[in-house]
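# Descriptive analysis of the structure
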Amino acid sequence: MANTWIFDFDGTLVHSEAAITQCFESITKKLAPHRLGVAKHVLIGPPLRQTVAEILGDPEHPLIDEFVSAFIRMHDDDVINNTTLYPNTYETLTNFHQQGQEMAIATNKRLVPTIKILQHFNLEKFFLIVECSDSEISTRSKSEMTETIIKKNNNFKNAFFIGDTTNDAIAANTHNMKFIKALYGYGKNQDWSSIKVFHEIEKIEDLIKI
């Protein structure tokens, strides 16, 4: 029986940390220079608005909307030039696809840049379902996106969930999925003590051995 797989995106399939951090730093310098230290070390992975609120230090900060709009303009215009696939990502996904294994994406990245990146690297053909933070009218958690994937295709109920942050792991744990931690991603410094991890990988092609 073929496996099913749900992948996170940033920090799992694509490397985008430098570009995203550069955007955060540039906008913070203009809007809240005293918070630049936070922007330089903020975790890449949570929803954009949540991250901006963390940078500004207040979920009700009056500059959040302006910051978010500036980030979208800056990031989306140049996203292709500042995003790379992790080594052997295309080959690993091709292997799964040729075996008839079903794959989906659940990402806090917005839909426009996600699709742009998938098309640029010719990855869209591999995924039956792509759920982004803004795929629906209201912003959803990673767990809610995962639930949507299962509702669209019940085969994903028993999927392996591959991600790099505790947010990914919590979504997998919530749905009793086996979580595979991508050690090469962005969640290295998070507290994993209460997180259930089925397996760890140092590079994406390690999935083929599972």
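Residues numbered from 1 in each chain as written. Predicted model: local features only at pLDDT ≥ 70, side-chain atom pairs only at ≥ 80, totals over all residues. Heavy atoms only, no water.

### What to know about helix H1 (residues 17-31)
Given a rise of 1.5 Å per residue, 15 residues ought to cover 21 Å, and the 21 Å separating the end C-alpha atoms of H1 matches this to within 8%. Among the residues of H1, Ala19, Ile20, Thr21, Cys23, Phe24, Ile27 and Thr28 are the ones counted as buried. At its buried positions, H1 is contacted by helix H2 (36-41), helix H3 (48-56) and helix H4 (64-77). (Helix = DSSP H or I, 4+ residues; strand = E, 2+ residues; numbered from the N terminus. Expected span 1.5 Å × (residues − 1). Buried < 20%, exposed > 50% of the residue type's maximum accessible area, 1.4 Å probe, protein only. Contact = heavy atoms within 4.5 Å.)

### A look at the pairing of strand S4 (residues 102-107)
The buried fraction of S4 is high, at five of six residues. Direction of pairing for strand S1 (residues 4-7) relative to S4: parallel, over a ladder of four bridges. Within S4, the position partnered with Phe7 by the bridge is Ile105. The pairing of S4 with strand S5 (residues 129-132) spans four bridges and is parallel. Bridge pairing links Ala104 to Ile129 in S5. In this view, the connection linking S4 to its parallel neighbour S5 by way of helix H6 (residues 111-120) has right-handed handedness. (Pairing = 2+ DSSP bridges. Right-handed = clockwise from strand over helix to strand, strands pointing away.)

### Examining the nonpolar core
Counting 44 residues, the largest nonpolar core has Trp5, Phe7, Leu13, Phe24, Phe127 and Leu207 as the members making the most contacts within it. Apart from residues lying up to four places away in sequence, Leu13 is in contact with Phe7, Asp8, Thr84, Leu85, Tyr86, Thr89, Leu93, Ile105, Phe127 and Ile204. Met145, Phe161, Ala171 and Trp192 belong to the second-largest nonpolar core, a separate cluster that totals 17 residues. (Core = buried A, V, L, I, M, F, W, Y, C linked by side-chain atoms within 4.5 Å.)

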